[in-house]
Amino acid sequence: MEKRLKQSLGIDVSKSSLSLSLGFLDDKLEKEFMSHPDVPNDEPGYRTLLKWLKKSVDNSVELLVVMEATGVYHQGIAHYLYGKGYCVSVMQSGRVKRYAQSLDQRSKTDALDSKMLSMLGLERSIRLWQPPNEELQHLKGLSRERSSLLKDKGSENNRQGAISSSVYSNAKALKRHKNRLKLLNEQIAIIEEEMKELISKNDELQRKVDLLTSIPGISFISAATVIGETLGFESIANGKQLASYAGYDIVLRESGNFKGKTRISKRGNSHIRAALHMPSMTCVRCNPTLKQFYNRLKPKKAKPLVALIAVQRKLLILMFTLWKNEEVYDAKFEIKKQQKHDALAARDNSLINQPVS
């Protein structure tokens, strides 16, 4: 009998159901898969899944559960299985998509997707998931709600402007628009106060927010939005991964004589990019480090916006660095770094030029 090396449960999550595939990898590196009829994405469905797992899994090998992040619909089953002691991995959609493309899989169904996730767990080394901090989840919800209200406010301003500029403007309709705009402003202010109150109750979180706001150009709301959207950079290992998560990773398409232009992928968290747009415009005026970076880059780019996006990416990685290292922003850091580099280079040159005795 072949010895099983790994086993992985792939779960394709939708709003109403879960598609399941249990895969095994033996010592001959051959794979075997078992499927189960879809179960509802609710508590009774979770219990049905648990009964099947207890009968089907190999208890001598640890089970890895792999699923794709799908908005909020994966959260219930992820928390349930984690609470039962299973190893859970919640994969970002971009990584799952690239793996699926490597399989040259023509068809796409829920059953095939669950099998693909199971195969991913068998073949790759995957980082495990842990439930995020409840306060950070709450902060993320508040920042999303504020973002939605800001979009509504922009639309309402446009409608109000159109009505007031019209020859056939309606005074009663204009008054209703003004009342709706007033309500939106009040709700936005309430949410911002809730965000401040939430952070002030946690001393460590408040301290780390203060580290980010030490960057000239970063306001409390900008810092809180980035922290909420990344859940305190919980699953971020390095700056490159963070840039990809936010959609700031660079994409270049070239083929034969065709030479494309570099651009950011935008396949990431749009809320982070929106939160950093206005701070980046402030930074190029008042932040000594990023102002110099922007002025050096701007003449080389066809549009100033390209240089501004580069500032946003650098600003995001700077926030991540201060968060991880627990340091306050130092405006002279780049100067000190260059001076240290020059001193080391001068020392090396002096050692090279010393006469050999």
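No experiment lies behind these values; they were computed from the predicted model shown.

Calculation criteria
Residues numbered from 1 in each chain as written. Predicted model: local features only at pLDDT ≥ 70, side-chain atom pairs only at ≥ 80, totals over all residues. Heavy atoms only, no water. Buried < 20%, exposed > 50% of the residue type's maximum accessible area, 1.4 Å probe, protein only. Helix = DSSP H or I, 4+ residues; strand = E, 2+ residues; numbered from the N terminus. Pairing = 2+ DSSP bridges. Axes fitted to C-alpha atoms, helices over the stretch in contact; angles between N-to-C directions. Contact = heavy atoms within 4.5 Å. pLDDT = per-residue confidence, 0-100.

Here's the deal with the pairing of strand β1 (residues 4-13)
Burial analysis of β1 places seven of its 10 residues in the buried class, the great majority of the element. Both β1 and strand β2 (residues 17-26) contribute to a ladder of nine bridges, which runs antiparallel. Bridging across to β2, Asp12 finds its partner in Ser19. Turn length for the β1-β2 hairpin, with the two strands adjacent in sequence and antiparallel, is three residues. Here β1 runs beside strand β4 (residues 63-68); their pairing, made up of five bridges, is parallel. Note on β4: the bridge partner recorded for Gly10 is Val66.

Quick notes on the sheet that holds β2
The mixed open sheet is built from five strands, whose spatial order is β3-β2-β1-β4-β5. Each edge of the open sheet is held by one strand with a lone partner, namely β3 (31-40) and β5 (87-91). Neighbour-to-neighbour, the strand axes of the sheet open up by a mean angle of 20 degrees, direction not taken into account. Two elements, β2 and β3, share eight bridges in a ladder whose sense is antiparallel.

Concerning the side chain of Ser21
Mapping Ser21 onto the fold places it in strand β2. Residue classification places Ser21 among the buried positions, given a relative accessible area of 3%. Dropping the residues within four chain positions of it, Ser21 is found in contact with Ser8, Leu9, Gly10, Phe33, Met34, Ser114, Lys115 and Ser118.

Description of the confidence of the model for the protein chain
On average, residues of the protein chain score 87 in pLDDT, and 91% of them reach the 70 mark or higher. Mean pLDDT across the secondary structure elements of the protein chain bottoms out at helix α13 (residues 333-353), with 64, and peaks at helix α8 (residues 220-230), with 94.

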